[in-house]
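# Structural overview for review
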Amino acid sequence: MTTSELVPPPVKKAGPALESLTARGRQGRLRNVTRTWRGRVLRIAVPVGLIVLWQLSSVLGWADEFTLPPPSRIIAAYQELWANGDIQAALPISLKRAGTGLAIGVSLGLVLGLFAGLWKIGEEIFDAPLQMLRTIPFIAVVPLFITWFGIGETPKLVLIAAATIFPMYLNTYHGVRGVDKKLIESGQTFGLRGWRLAARVILPTALPAALTGLRYAAGVSLLALVLAEQINAREGIGYLVNNANQNQRPDIVIAGILIYALLGIVVDVLMRVAEHFALPWRPRVAIG
Amino acid sequence: MSPSAETVVDARGVRRVFDRAVLDGVDLQLKQGDFVALLGPSGTGKTTLLRILAGLDAADDGQVLVPRKRSVVFQEPRLIPARRVWRNVVLGSRNPRRDRKKAVTALTEVGLAAKSDAWPLTLSGGEAQRVALARALVTEPGLLLLDEPFAALDALTRIKMHDLVAELIQRHNPAVLLVTHDVDEAILLSDRILILADGSIDVDVAVDFEKPRRRSDPRFIELRTHLLERLGVS
């Protein structure tokens, strides 16, 4: 056939224009319940399973007990450390180190952050140098601190303080600077100036950011603590760990590492509780 | 012409230049108890004029005389979230604790005495705006500046707020400048309506029929038609 015809446009095979959306139904509701429970069970089962596997690895001889001591050995190590009084002696010392360094760093960071946030002149003086120093990893300055401050308690505290200044400074400064300009204006409209404006409008509004800074700083203080206790510590958790390492006691090394981890969790929970009580005006501040 | 004793706002030749002269020689006089609405399309400098009268912005030229006690209700409530409601009401007070009673009285006037101890973030939009109104009136200002205070409210809440504002202003009797782009709202509430165009006050009409005004009143309809024409709408 040579006659040309008008070719009709290709018709997409159209489904029905209406689609029925199924209600969830009894089965669907049941599926939701199953999913919720599956989530809960897996969350507990997987970590427990891993610990069991870890224990089995040594029972079945997959791993050498010296390379990876099983959980039972680590529990035994805790019992030993407790019976010797080692933990009771080491823990307060480490906590005091972290706490003192943190207090110094956080105070400095807070004061500098407020100064730079509230006053233009403060920003002009401190912001540029602090932003530059912030880029130095605090781990890198350890050798320098040893040269400057020796191997006693001083370099440890200085290191922790130096590491915690920055999160506190940055969050406080940004918190103060980030206060909604409209709120400041509304304070000014009602005659608030200077100190009163800061106390009633700026500082309370910036508090959440400052507390975030504090939480970060607390976390960093533990990191810095671990590092600081590598510098020839004669007491504290770091000393326990180093000593155990030299005596080829990997079980105690792992026990010490787990104490550091536990401290991290405790500090975080404490900070969340503190936020909950310091910021009652924020809707639904979750604990934990 | 010198300002008479009861003049509370006397602005003459006010100029404010951004990339162009937004205000170019505005004159405005208000007496105590005047309720003036300022209309105009967006970007004509209504809010700029209000901010200059509030002292939040400075004119480039001209002279501005305003009462020392003046307050503003903005489009958003602008409450401090970290301060309880009553603390927000006496935000500018030298001694908030001493003035707590005053705060509660002001909150009673707007029907929110029960929320005195609440946190601002727990209030609804309308409630928060009523707190802002209580905060603006608690100081017994000589000049009350309203910058589209009803714009963010839902229609039903807005009607209630109109009534509340009218009632409270009658009781406290400050000079009021209401910035809005709602022509009906301006006619319902104010005694005088100004339209700002090309940097100066273009229209100045008195709304001289009695309150409460009804939208169905022929005088209402006539005035609205006139104003909308001047705003270039109808």
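Residues numbered from 1 in each chain as written. Chains lettered and ligands numbered in written order. Predicted model: local features only at pLDDT ≥ 70, side-chain atom pairs only at ≥ 80, totals over all residues. Heavy atoms only, no water.

Another point: the interface of chain A and chain B. By a frequent convention, interface size equals the accessible area lost on bringing the separate parts together. At the junction of the two partners, chain A supplies 18 residues and chain B supplies 23 residues. If you sort the residues of chain A by the area they bury against chain B, Phe190(A), Arg200(A) and Trp281(A) come out on top, with a joint share of 38%. Across the pair Glu185(A) and Arg51(B) runs a salt bridge, and its minimum N-O distance is 2.4 Å. Between the two partners, chain A and chain B, sit seven residue pairs in polar contact (both at pLDDT 80 or more). Listing elements by their share of the side of chain A that touches chain B, those giving two or more residues are α7 (181-189) and α8 (194-228) of chain A. Element by element, the count of residues in the side of chain A that touches chain B is highest for α7(A), at seven residues. Looking at the side of chain A that touches chain B residue by residue, the class counts come to nine nonpolar, five polar and four charged. (Contact = heavy atoms within 4.5 Å. Buried area = accessible area lost by both parts, 1.4 Å probe. Salt bridge = Lys/Arg side-chain N within 4 Å of Asp/Glu carboxyl O. Polar contact = N/O pair within 3.5 Å; in protein donor to acceptor, adjacent residues only side chain to side chain. Helix = DSSP H or I, 4+ residues; strand = E, 2+ residues; numbered from the N terminus. Nonpolar A, V, L, I, M, F, W, Y, C, P; charged D, E, K, R; others polar.)

The next thing to look at is the packing of aromatic side chains. Residues and elements named next belong to chain A. Within this structure, the stated rule accounts for six aromatic pairs over all chains. Taking the centre distance of 6.2 Å and the plane angle of 90° together, the rings of Trp 148 and Phe 149 count as edge-to-face. With relative accessibility at 34%, the residue Phe 149 sits in the partly exposed group. Between Tyr 169 and Tyr 173 the ring centres are 5.7 Å apart and the planes differ by 5°, which places this aromatic pair in the stacked class. (Phe/Tyr/Trp six-rings, centres within 6.5 Å; stacked < 30°, edge-to-face > 60°. Buried < 20%, exposed > 50% of the residue type's maximum accessible area, 1.4 Å probe, protein only.)

It is worth spelling out the sheet that holds strand β5 (residues 70-73) of chain B at this point. Residue and element names in this part refer to chain B. Reading across the sheet, the six strands line up as β5-β6-β7-β3-β8-β9 and stay open at both edges, with mixed pairing between neighbours. The open sheet has two edge strands, β5 and β9 (200-206), and neither has a second partner. Along the sheet, successive strands turn relative to each other by an average axial angle of 20°, direction set aside. As paired strands, strand β3 (residues 35-39) and strand β7 (residues 175-179) are joined by four bridges and run parallel to one another. When the sheet's bridge partners are listed, Val 36 is paired in β7 with Leu 177. Strand contacts of helix α1 (residues 46-54): β3, β5, β6 (143-147), β7 and β8 (192-197), with the helix running at about 150° to β6, the strand carrying the most contacts. (Pairing = 2+ DSSP bridges. Axes fitted to C-alpha atoms, helices over the stretch in contact; angles between N-to-C directions.)

A word on the side chain of Ser93(B). Mapped onto the secondary structure, Ser93(B) falls in the loop between α2 (85-89) and α3 (100-109). Polar side-chain contacts of Ser93(B) include one of 3.0 Å to the backbone nitrogen of Asn95(B). Among the polar contacts listed, one links the side chain of Ser93(B) to the side chain of Asp99(B), at a separation of 2.6 Å. In this structure Ser93(B) touches Arg196(A), Arg200(A) and Asp99(B), once residues within four positions along its chain are discounted.

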